[in-house]
Amino acid sequence: MKNIFYILSFLFFVCCSKSPQIQNDLTELDLKGKVKSVIETSYPKTHRYWNQKDFEYYFDNNGYLKKKIEYSFNTYKQIEYDKNNQVSEINHYDLNDSLIFKTKFSYDNQKLSNQKVFNSKNEIVQTVSYEYSKTTDTSNLVVEKAYNHKGEIIHLNSNLKNQKGQDLKWNEFNLKGQLQFSHDLTYNKNGKIIEYKKVDSINNLKWKWNKVYNSKNLETERKLYNPNLDKETNRISTYKYDNHENWIIKHLIQDNDTLKTLNREIKYY
């Protein structure tokens, strides 16, 4: 039940995160070449010989994600697309192949207008609507409203997006429509987030991080600042690549100590 609640709570953010300029899911994941599948395994510092998978990704011949297994929640999802290569349906299963829930997506002029979440009995458990308005020549406002099966609003956000469909400012409101938190994002010329800030309704900083990327658009440094502790943490990422210039080994380093190592097994068409 915990897994279902988590997925439902964040489903509409994840599903709508893909920007219009993204050619396919391989591009979004910074994968090069005709990738067929990726299996990712992590080895935390305290578990050097841990051999548990984290994710499995399976792509079609055009580079679109068809199936993703997420072992931390013991679930996987299968994705279907419409003729415009937009997500039309996502089915979530447990690892015993039992349907947990499914989400159907509707579009208006290729803009997501709503999504409906159904349980295994085909009953609607959540609906999310999207309303668009142009704010300037370079930005648009998207209001996201989530409702439960009774039609009661359970979540309200507004996202200011640039022409590429990337979030510039993401505002969270309570059910009375009062602002709770704002999330501000800044991008580099390659469309990668280089700064993220979270502030409360009176502009008190709650969290901040900055990222640095290499020539392959991969994160190499992340500075995290926690204002509650008045402390900055610096994390470094180093990589080893295969012949297609995709990383297959990633080290996460902090204070000159390797916190975690990630391995990827990549298969190509």
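As a convention, each chain's residues are numbered from 1 in the sequence order in which they are written. Owing to the predicted nature of the model, reporting of local features is limited to residues with pLDDT of at least 70; listing and counting of side-chain atom pairs is limited to 80 or more, with chain, interface and lining totals taken over all residues. Excluding hydrogens and water, the side-chain figures rest on all heavy atoms present in the structure.

Let's talk about the pairing of strand β16 (residues 231-241)
Next up, step 1: Pairing of strand β15 (residues 219-226) with β16 involves six bridges; the strand directions are antiparallel. Bridging across to β16, Glu221 finds its partner in Ile236.
Next up, step 2: Note on pairing: DSSP must find at least two bridges between two strands before they are called paired. The helix count covers DSSP runs of H or I at least four residues long, the strand count covers runs of E at least two residues long, and both are numbered beginning at the N terminus. Pairing of β16 with strand β17 (residues 247-254) involves seven bridges; the strand directions are antiparallel. Of the residues in β17, the one forming a bridge with Tyr241 is Trp247.

A look at the nonpolar core
Next up, step 1: Counting residues in hydrophobic clusters, the biggest one holds 19 residues, and the most contacted among them are Leu31, Val35, Val38 and Phe59.
Next up, step 2: Elements with a contribution of two residues or more to this core: β1 (35-44), β2 (53-59), β4 (75-81), β5 (87-94), β8 (124-136) and β9 (139-148).
Next up, step 3: By size, the runner-up hydrophobic cluster in this structure holds five residues, among which are Leu185, Tyr187, Trp209 and Leu224. For the purposes of this section, nonpolar cores are sets of buried Ala, Val, Leu, Ile, Met, Phe, Trp, Tyr and Cys residues that join through side-chain atoms within 4.5 Å. In this scheme, a residue with accessible area under 20% of its type's maximum is buried, one over 50% is exposed, and one in between is partly exposed, where area comes from a 1.4 Å probe on protein chains only.

Observations regarding the confidence of the model for the chain
Next up, step 1: How sure the predictor is of each residue is captured by pLDDT, a score from 0 to 100. On average, residues of the chain carry a pLDDT of 89, and 89% of them reach 70 or more.
Next up, step 2: pLDDT under 50 marks residues 1-22. Its contacts with residues more than four places away, or in other chains, come to 47 contacts. Working rule for contacts: check all heavy atoms of both residues, and any pair within 4.5 Å makes them a contact.

Digging into the pattern of salt bridges
Next up, step 1: The salt bridge criterion pairs a side-chain nitrogen of Lys or Arg with a carboxyl oxygen of Asp or Glu, the two atoms within 4 Å. One pass over the full model with this rule turns up nine salt bridges.
Next up, step 2: A salt bridge links Glu245 to Lys216; the shortest N-O distance between them is 3.8 Å. In this pair, Glu245 is assigned in the loop between β16 and β17 and Lys216 in the loop between β14 (205-213) and β15, connecting sequence segments 29 residues apart.
Next up, step 3: A relative accessible area of 21% places Lys216 in the partly exposed class.

Focus on the side chain of Arg264
Next up, step 1: For Arg264, the position within the fold is in strand β18 (residues 257-268).
Next up, step 2: Positive charges are assigned to Lys and Arg, negative charges to Asp and Glu, while His and the chain termini are left out of the count. For the buried Arg264, which has no salt bridge, the nearest side chain bearing the opposite charge is Glu40, at an N-O separation of 4.6 Å.
Next up, step 3: Looking at Arg264, its side chain comes within polar contact range of the main-chain oxygen of Trp247, at 3.0 Å.
Next up, step 4: Once you skip the residues sitting within four places of it in the chain, Arg264 turns out to touch Leu31, Val38, Ile39, Glu40, Asn246, Trp247 and Ile248. Polar contacts here mean pairs of N or O atoms no more than 3.5 Å apart (in protein, one a potential hydrogen donor and the other a potential acceptor; neighbouring residues in sequence count only if both atoms are side-chain atoms).

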